[in-house]
Amino acid sequence: MNDSAILISIGGVLASAAPIIFAVIGETISERAGVLNLSMNGLILICAMGSFAVALATDSSILGFLTGAAIGALVSLIVAFASLTLLQSQVAVGFVLAMLCKDLSYFLGSPIMGKVAPRISQVPIPLLERIPILGPIFFRQDMMTYLSFVLIVLAWFFIFKTKPGLILRGIGERPAAAYIRGANVTRLQYLYAVAGGAIAGLAGPIYSLSIKAGWKGTISGLDGIGWIVLSITIFGGWKPFRAAFGAYLFSFLQWLGLVLQPSLPSIPSQVLQVAPFPLMILTLLFVNIGNAEWVERSLARLPENVRRDIAKVLRALNATPPAALGEPFRKE
Amino acid sequence: MPSLREKKASGVLFQIAAVLFALLITSIVLLLANVEPFSAYKAIILGAVGSWDLMSNVLVSWVPLLLATSGLLLTFTVGLWNIGIEGQITLGAIFTTWAMRLLQNSEWNPSLILVIAIFAGMLGGMLWAMLAGALKTFGGVNEIFGGLGLNFVATALNIWLIFGPWKRPGVASMSGTLPFDRSLWMPIATGSSRLTPTTIVMAIVGILIVYVLLENTYFGLKLKAVGKNPRSAYLLGVPTWQHMMASFAICGVFAGLAGAVQVTAVYHRLIPSISSGYGYLGLMVAMLVGYKASLAAPVALFFAALNVGSIQLPIILRLDSSLAGVLQGTLVLCVLLGQGFRAKFLKKKRTMQ
């Protein structure tokens, strides 16, 4: 492979990570507010199908993207309503929606399978695209990939540098304290769950109107991505930059699987495609193991200097979920 | 306070309302797809009970579904979401196939080989479940994400075996490994093409064991205590993680048995989608019956009937068979929402009095 092909490949990795970034950032915002949206796998599929159907009918990819966001918001609204108002388990409702939305997208999408709808194209940025190395990687992408770069920074800035972001973190960590300070906790949880769902919903049209253009039902290759998104959200420690790193790492590993395929003919392609999953488990293990009790106990037995080094590594890797994640806030 | 009878009556009322509402939503979906809802429902019903053969197909798919649900009732009781059950079914199927491949050319009695293969499957499911359990208890990895990851790994392992070491002589294909000799099939009922009475007995015994375990044993009581409040259970002397591991292990045994049934009684070989989604469907059944063993068998039968009944939809009405999943999902969602509405309704009544 020559140099320019490598640069294009890296650009391709960034583009194929874009939908994952939208979904992970959306989920991160929702979970920061304490709402675990487990429906992600079905949500992405039905947003992909619905936005493709609308783009097909209206011949407008913009309407397609808006549909994706709207469906994502609607699915998340059901999760929020069931858990915040009806006090049902977020995991149960999210899981059912993950299954339901998947089958719904296959069922409603079967008449439009294989049809051709408008798709968004690459928009090279003048001048910047000519920068050696960086140009082909960063500046010959489509609109949504550029937006995915912006979204990472924007989400980080919002969560950590603004007052509403401070309140957002507060309602996920200590809702009672946020309530006493005057925040309408439940209303904000609704807001962030729905907004997060709308952002995540854009992942659907990014697939069906761009990087995997079209709708191919069960062989669309989108089933499973939502579950990866949920793992990356944990891996990302509910921080946008770390989450983005997880998304790029995942896309890179998938690309690597494709590249290595010809040199490893004895391994079926399906196996290499799932290679990132065991790695994901391992990373989740490293991310979480610092929270386990027996680790703390066995660390306490080690000599001071060794203990401090190991503890430092574990703390750097560690990710602790928002304390009130999954628990609806009750005033009484 | 509303009386117990009022409470019970409202429970039934809300359940019925939830089912009707689910039917309404599914009908709207059908209308969106330009289909007359009643013709679709009729096609599903006829597709499930239209002939003896179809009815026996329903039973064939009921067995692994009920086995998976039975196991899940234990993990749900202890408060765990064993989403990894799909992988546990797959590993059960892989271990069963492995044992049969090792023994199929031996002089041993075929029945003995089948028994060994089934136990191997149970072992495989148990080991895979305990892996998810160990990740949870010793690694702090949430069982949902650990389990999901292990599902993907199990699928990859399965496909690798089918296309690699266990491939058909000549060419490997998605249709799976070479079928086993007829002598190694689970005995089929006379006059039927697929029905295997042995496996039906297994499923019934399985759910009975789970029912007795949960309702009539000290072990079941301890599982419930851990599920309700792990901290106080621990303080009262119920070792938490041991009970979680035990419930994972038993659930894995059930899942492994479901996988073994798929290999020995349904497909007679290993295929890429050997778990057939019964694990995820089992989670839905368990949720629908409110995690209680008493209703699991009939509801699982109903879900199996929906699955079998929808297979003919593409041929009869040119509809995608995923309609079964839409109906099942809507039903579970509406029942969950109904429970929430009912709790709100009872609370309002209490405050009014």
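For the structure given in this document, a descriptive report is provided here. All of these numbers come straight from a predicted model, not from anything done at the bench. (Residues numbered from 1 in each chain as written. Chains lettered and ligands numbered in written order. Predicted model: local features only at pLDDT ≥ 70, side-chain atom pairs only at ≥ 80, totals over all residues.)

Section: the overall build of chain A
Heads up, the condition is: Only DSSP runs of H or I reaching four residues or more are called helices, and only runs of E reaching two or more are called strands; each is numbered from the N terminus. Two things to know: the radius of gyration comes from C-alpha atoms, and the globule rule equals 2.2 Å times the number of residues to the power 0.38.
Helix and strand counts for chain A stand at 16 helices and 0 strands. Relative to the 2.2 N^0.38 estimate, which gives 20 Å for 332 residues, the radius of gyration of chain A is 21 Å and therefore close to what a compact globule would have. For the C-alpha atoms alone, the extent of chain A along its principal axes is close to 55 × 50 × 45 Å.

Here we look at the interface of chain B and chain A
This is how it is decided: Residues are treated as contacting if the C-beta atoms built from their backbones sit within 7 Å of each other. Under the convention adopted here, Pro, Cys and the residues Ala, Val, Leu, Ile, Met, Phe, Trp and Tyr are nonpolar, Asp, Glu, Lys and Arg are charged, and Gly plus all remaining residues are polar.
Contacts between the two partners involve 41 residues from chain B, matched on the other side by 40 residues from chain A. Here the side of chain B that touches chain A takes 14 residues from helix α14 (residues 323-352) of chain B, the largest share from any one element. Considering only residue class, the side of chain B that touches chain A consists of 27 nonpolar, 12 polar and 2 charged.

Observations regarding the packing of helix α11 (residues 278-288) of chain B against helix α12 (residues 296-309) of chain B
Residue and element names in this part refer to chain B. Using the following cut-off: For helices, the fitted axis covers only the stretch in contact; all axes are lines through C-alpha atoms, and the angles between them, taken along N-to-C directions, range from 0 to 180 degrees. Just so you know how the angles are binned, under 35 degrees is roughly parallel, over 145 roughly antiparallel, 65 to 115 roughly perpendicular, and the rest oblique. Crossing handedness: left-handed means the near helix sits turned counterclockwise from the far one by under a right angle, and right-handed means the same turn made clockwise.
It is at 10 Å that the axes of α11 and α12 come closest, and there the two elements cross at 130°. Accordingly, the angle class assigned to the pair α11 and α12 is oblique. Crossing of α11 over α12 shows right-handed handedness. Residues Leu281, Val285 and Leu288 of α11 pack against Ala296, Val299, Ala300 and Phe303 of α12. Considering only residue class, the contact of α11 with α12 consists of 7 nonpolar, no polar and no charged.

A look at the environment of asparagine 158 of chain B
Residue and element names in this part refer to chain B. Short version of the rule: In this scheme every C-beta is placed from the backbone, and a residue whose C-beta has 20 or more other C-beta atoms within 10 Å is buried, one with 12 or fewer is exposed, and one in between is partly exposed.
Examined against the element boundaries, asparagine 158 turns out to sit in helix α6 (residues 143-163). Given 26 C-beta atoms within 10 Å, asparagine 158 falls into the buried group. Discounting residues that sit within four places of it in the chain, asparagine 158 has contacts with Thr90, Ile94, Leu270, Pro272 and Ile274.

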